[in-house]
Protein chains: 2
Amino acid sequence: MVSVKDVAVAAGVSLGTVSNVLNRPDRVSVPTRHRVQQAMRDLGFVRNESARQLRVGRSSTVAYVMLDVSNPFFTDVAAAVETAAEAAGLSLFICSSGQSAEREQAYLSRLEEQRVQGILITPVDPASPLLADLPARGTPVVIVDRTGDGESHCSVAVDDKLGGHLATEHLIEIGHRQIAFVGGPERLGQVRDRRAGAMSALSDAGLGEERLSTLVTDALTVAEGRNAGQRIAGMPRASRPTAAFCANDLVALGLLQACLALGLRVPDDLAIVGYDDIEFAAAAAVPLTSVRQPRRDLGHRAAELLLDEASNPAHVHQQVQFNPELVARASTRRGS
Amino acid sequence: MVSVKDVAVAAGVSLGTVSNVLNRPDRVSVPTRHRVQQAMRDLGFVRNESARQLRVGRSSTVAYVMLDVSNPFFTDVAAAVETAAEAAGLSLFICSSGQSAEREQAYLSRLEEQRVQGILITPVDPASPLLADLPARGTPVVIVDRTGDGESHCSVAVDDKLGGHLATEHLIEIGHRQIAFVGGPERLGQVRDRRAGAMSALSDAGLGEERLSTLVTDALTVAEGRNAGQRIAGMPRASRPTAAFCANDLVALGLLQACLALGLRVPDDLAIVGYDDIEFAAAAAVPLTSVRQPRRDLGHRAAELLLDEASNPAHVHQQVQFNPELVARASTRRGS
DNA sequence: TCCGGTCATTGAAAGGTTTCAAGAGTCAGG
DNA sequence: CCTGACTCTTGAAACCTTTCAATGACCGGA
């Protein structure tokens, strides 16, 4: 493994000069610089980032720990973060916790040990003690798609209660009185808040809580959505809900698919509303009504806050909240 | 920032003992161990991974540089890699080149400087010189979803020519004689090979090359698929192809969506075949016929090869190739 | 009492880079 | 010919961890 020392010997200069070529090329005379650069090429020199980092104390990397790589919503957020990070000259490493708290924990430890400039995270468990400790020990953390406690982090979120409200209000407006909320596990804040929003829409409309039944899923995936679809299709017509509000689009798409396969008409037998408005929602068998979140803004703003916290000593934590928006499509259109 | 030295002082032991607690706890007597661990907790000690790596020479990280985070095909591959990496006690960092050769280059350099254990990559440009140099300088590289030159890398791929062949053969069998290939840019090997497979299916069926027209897209995205759909819908009926074979499912879904919106019936006016069989293909407005790739096998096998190369001195490069499989659905079913 | 053997701990060296004060060399001005 | 200013280069220290040979303490056996 070739080091600066080898390059220095080959180029007939001191080790300090090689470092200067690397970091402050203007301070080195042109012929020397060329000689050193040639030596680097000849020897196949690769700077050792560990040693560099050890010396300067920080890396030029940020990380985004996301809940689920398979959810296009999060990858779109990641793409926006990537763009912002690149503009700031940083590399973005994406880690997927796959909704596992242990894996999330493991990644956070690794990232802290690596002294990354900062961590963006959509947490499995926002109350994790490690998450709260990180900033105190010098690693900025920004919570994405969840509202933090405000003590130790910035956060960028979308109002999930409002989203749930919008979705349910829409269903009530078009006449539904028996609505199923489909999503889980309960431990996810997204799930709790969206359901709470649904409840509030009911009470605002003067309807009782019993109008909303809940189908708990094990995860927010297409497969779990299909499962839920089978459960709904299996219900006797009288007690079956006439509309379903799903905690995200993956679940909604699975639900839609299962319902159609089992002979339920959408929206006539069952209206469906999803959440996130991922790209595939509009292209579904029955184009899906969904609650759109400004995902690029989310990623972009989160990256901005992180970079500010990492570089600005006067940084003050902020809780940014965007508003979601209902996009009505065929899956809730009567008589389509 | 607290270091082992601080911990040593606090616990009243030497620095070497602290290190032993960290790395070989069995060599330290129980009371000492507890004392040191308590000191670590009290002081909030976080091991400095840079220093560690500098000393031991290698990191415990692998990376997957993928073409496009927004394509569910790649994220499914990534999830499989993640699982394999975790089982081997390694962390996986995902990087997205976003189909940009410069960004890919930048990530590769960073990763090499970080001395990652190895790199999995679905390259924008498999002929990149950097890619060929990495293994010679000590960073194993496995090419995913592309066949490498065999000199310096392992590779795990799916036979794209066969895939293209299967798709087109299917279209020919059900009677299509004017077929459009939709995909691009040409520089992507996936696009070239799938198109070549389509060509070979034509000639095997005794049909001339002129039966396959090509609609070049700027990228393999839903938006580009929609674009292509508008172009096709705008053609006079006589010269319009009766079937489209798309280079991936994103393009196919966009194409499908645009066609339906513009009044073309699928499959009656236009049959569509996609590629990858992503989860959303089956849930589309017209369930999509697609060429399925064994994506979990792909990711899993790639990770295996990488780990072998990283740890086994007797490692010998392999080019693994899987076979794709046609999944016929409504988008090519006559008279559905 | 001395010896050989365990077991636990220590101290120093090494790893590759960056930084910075200091040194060497050059040149113009007096 | 000397001085001061300037440019370029140097050498050593520092960053934090791991490793390993060596030390010290202790115990049982002779």
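These numbers were taken from a predicted model, which means no experiment stands behind them.

*Asks:* How do you make sense of the packing of helix 5 (residues 72-87) of chain A against helix 12 (residues 295-311) of chain A when you look at a structure like this?
*Replies:* What describes two packed helices is the angle between their axes and the distance between those same axes. All names here are of chain A. Where helix 5 meets helix 12, the closest approach of the two axes is 7 Å, and the angle between their N-to-C directions is 40°. By the criterion of interaxial angle, the relationship of helix 5 to helix 12 is oblique. Classified by chirality, the crossing of helix 12 by helix 5 is right-handed. Between helix 5 and helix 12, the contacting residues are Phe 73, Asp 76, Val 77, Ala 78, Ala 80, Val 81, Ala 84 and Ala 85 on the first element and Arg 295, Arg 296, Leu 298, Gly 299, His 300, Ala 302, Ala 303 and Glu 304 on the second. For the contact of helix 5 with helix 12, the per-class residue count stands at ten nonpolar, two polar and four charged.

*Asks:* Would you mind going over the interface of chain B and chain A with me for this structure?
*Replies:* As a measure of interface size, the accessible area lost when the parts come together is often cited. The interface is formed by 42 residues belonging to chain B together with 42 residues belonging to chain A. When contributions to the side of chain B that touches chain A are tallied by element, the ones reaching two or more residues are helix 4 (49-56), helix 5 (72-87), strand 2 (91-96), helix 6 (101-113) and helix 11 (249-261) of chain B. For the side of chain B that touches chain A, the element with the most residues is helix 5 of chain B, which contributes six residues. A breakdown of the residues in the side of chain B that touches chain A according to their chemical character gives 20 nonpolar, eleven polar and eleven charged.

*Asks:* Could you clarify how one ought to interpret the protein's contact with DNA strand D in this entry?
*Replies:* The immediate surroundings of DNA strand D are formed by 27 residues, with A:Gly16, A:Thr32, B:Ser3, B:Val4 and B:Ala51 found nearest. In terms of residue count, helix 2 (residues 15-23) of chain B provides more of the surface near DNA strand D than any other element does, five residues in total. Residues belonging to the surface near DNA strand D are distributed by class as follows: ten nonpolar, eleven polar and six charged.

*Asks:* I keep staring at the protein's contact with DNA strand C and nothing clicks. Help me out?
*Replies:* In the vicinity of DNA strand C, 29 residues are found, and the nearest of them are A:Ser3, A:Val4, B:Ser14, B:Gly16 and B:Thr32. Residue composition of the surface near DNA strand C, grouped by class: twelve nonpolar, eleven polar and six charged.

*Asks:* What am I meant to see in helix 2 of chain B here?
*Replies:* Side chains three or four residues apart in an α-helix point the same way, a direct result of the helix having 3.6 residues per turn. Residue and element names in this part refer to chain B. Taken residue by residue, helix 2 has Thr 17, Val 18 and Val 21 as its buried positions. One side of helix 2 carries all its buried residues, which in axial view fall inside an arc of 105°. In helix 2, those exposed residues whose orientation departs by more than 90 degrees from the buried face are Gly 16 and Asn 23. Contacts made by the buried residues of helix 2 are with helix 1 (4-11) and helix 3 (30-43).

*Asks:* Help me out: how do you make sense of the sheet that holds strand 7 (residues 212-215) of chain A in this one?
*Replies:* All names here are of chain A. If you trace the six strands from one edge of the open sheet to the other, you get 7-6-8-9-10-12, paired in mixed fashion. Two strands in the sheet have a free side with no partner beyond their single neighbour: strand 7 and strand 12 (325-327). Direction aside, neighbouring strands of the sheet carry axes that sit 20° apart on average. Here strand 10 (residues 289-292) runs beside strand 12; their pairing, made up of three bridges, is antiparallel. Of the residues in strand 12, the one forming a bridge with Val 291 is Leu 326. Running at roughly 155° to strand 9 (residues 271-276), helix 11 (residues 249-261) makes contact with strand 6 (179-182), strand 8 (243-246), strand 9 and strand 10 of the sheet.

*Asks:* I keep staring at the environment of B:Ala223 and nothing clicks. Help me out?
*Replies:* Checked against the element boundaries, B:Ala223 lands in helix 10 (residues 222-233). Linking B:Ala223 and B:Arg194, residues 29 residues apart in sequence, is a C-alpha distance of 20 Å.

*Asks:* Which parts of the structure should I look at to understand the sheet that holds strand 9 (residues 271-276) of chain B?
*Replies:* Working definition: the strands of a sheet are paired by backbone hydrogen bonds and lie parallel or antiparallel to each other. Residue and element names in this part refer to chain B. Sheet architecture is open: six strands sit in the order 7-6-8-9-10-12, paired in mixed fashion. Whereas interior strands pair on both sides, the edge strands pair on one side only; in this sheet they are strand 7 (212-216) and strand 12 (325-327). Sheet twist, expressed as the average angle between the axes of neighbouring strands with direction ignored, equals 20°. Relative to strand 10 (residues 289-292), strand 9 is paired through four bridges, and the arrangement is parallel. Paired with Gly 274 across the bridge in strand 10 is Ser 290.

*Asks:* Is there a simple way to explain the relation of the copies chain B and chain A in this structure?
*Replies:* In this arrangement, two copies of a chain are superimposed by a rotation about an axis accompanied by a shift along the axis. Under the fitted operation, chain B is carried onto chain A by 0.0 Å of movement along the axis and a turn of 180°, and the coordinates agree to an RMSD of 0.1 Å. Each copy turns onto its partner about a two-fold axis. Of every C-alpha in chain B, the one belonging to B:Ala285 sits nearest the axis of rotation, 1.5 Å from it. Most of the interface of chain B is mirrored in chain A, where 98% of its interface residues again form contacts.

*Asks:* In this structure, what is going on with helix 3 of chain B? I would like to understand it.
*Replies:* All names here are of chain B. Given a rise of 1.5 Å per residue, 14 residues ought to cover 20 Å, and the 20 Å separating the end C-alpha atoms of helix 3 matches this to within 8%. The complete set of buried residues in helix 3 reads Val 36, Ala 39 and Met 40. Around the axis of helix 3, the buried residues are gathered within 100° of arc, so they sit on the same side. Facing away from the buried side of helix 3 by over 90 degrees, the exposed positions are Val 30, Pro 31, Arg 41 and Asp 42. Packing partners of the buried residues in helix 3 comprise helix 1 and helix 2.

*Asks:* Mind showing me how you'd approach the pairing of strand 1 (residues 61-66) of chain B here?
*Replies:* Side-chain direction in a regular strand flips from residue to residue, so the side chains alternate between the two faces of the sheet. All names here are of chain B. Among the six residues of strand 1, six are classified as buried, and the element is accordingly described as predominantly covered. Here strand 1 shows a buried face lined by Thr 61, Ala 63 and Val 65 and a second buried face lined by Val 62, Tyr 64 and Met 66. Pairing analysis gives six bridges linking strand 1 to strand 2, with the strands arranged parallel. Bridging from a neighbouring strand, Thr 61 pairs with Ser 91 of strand 2.

*Asks:* What exactly am I supposed to notice about the packing of helix 6 of chain B against helix 7 (residues 129-136) of chain B here?
*Replies:* All names here are of chain B. Two numbers describe how helix 6 lies on helix 7: the axes approach to 10 Å, and their chain directions differ by 15°. With respect to their mutual orientation, helix 6 and helix 7 come out roughly parallel. By crossing handedness, the relation of helix 6 to helix 7 is classed as left-handed. Of the residues in helix 7, those touching helix 6 at Gln 105, Leu 108 and Glu 112 are Leu 130, Leu 131 and Leu 134.

*Asks:* Looking at this model, I keep getting lost on the pairing of strand 7 of chain A. Mind explaining?
*Replies:* All names here are of chain A. Taken together, the four bridges between strand 6 and strand 7 define a ladder with parallel strand orientation. The residue bridging Val 182 from the neighbouring strand is Leu 215, located in strand 7. Assessed by its sense of winding, the connection that carries the chain from strand 6 through helix 9 (residues 189-204) to strand 7 is right-handed.

*Asks:* Quick question: what am I supposed to make of the nonpolar core here?
*Replies:* Across soluble globular proteins, nonpolar side chains show a tendency to be buried alongside one another. Ranked by internal contacts, the top residues of the largest apolar core, which has 182 residues, are A:Leu256, A:Ala284, B:Leu256 and B:Ala284. What A:Leu256 contacts, discounting residues up to four positions off in sequence, is A:Val266, A:Ile272, A:Ala284, A:Ala285, A:Val286, A:Leu288, A:Ser331 and B:Ala283.

What counts and how
Residues numbered from 1 in each chain as written. Chains lettered and ligands numbered in written order. Predicted model: local features only at pLDDT ≥ 70, side-chain atom pairs only at ≥ 80, totals over all residues. Axes fitted to C-alpha atoms, helices over the stretch in contact; angles between N-to-C directions. Helix = DSSP H or I, 4+ residues; strand = E, 2+ residues; numbered from the N terminus. Parallel < 35°, antiparallel > 145°, perpendicular 65-115°, else oblique. Left-handed = near helix turned anticlockwise from the far one by under 90°. Contact = placed C-beta atoms within 7 Å. Nonpolar A, V, L, I, M, F, W, Y, C, P; charged D, E, K, R; others polar. Near = placed C-beta within 6 Å. Buried ≥ 20, exposed ≤ 12 C-beta atoms within 10 Å, placed from the backbone. Arc of directions from axis to C-beta. Pairing = 2+ DSSP bridges. Least-squares fit on C-alpha atoms with pLDDT ≥ 70 in both. Expected span 1.5 Å × (residues − 1). Right-handed = clockwise from strand over helix to strand, strands pointing away. Core = buried A, V, L, I, M, F, W, Y, C linked by C-beta atoms within 7 Å.

So far we have only geometry, and geometry alone does not tell us how the molecule works.
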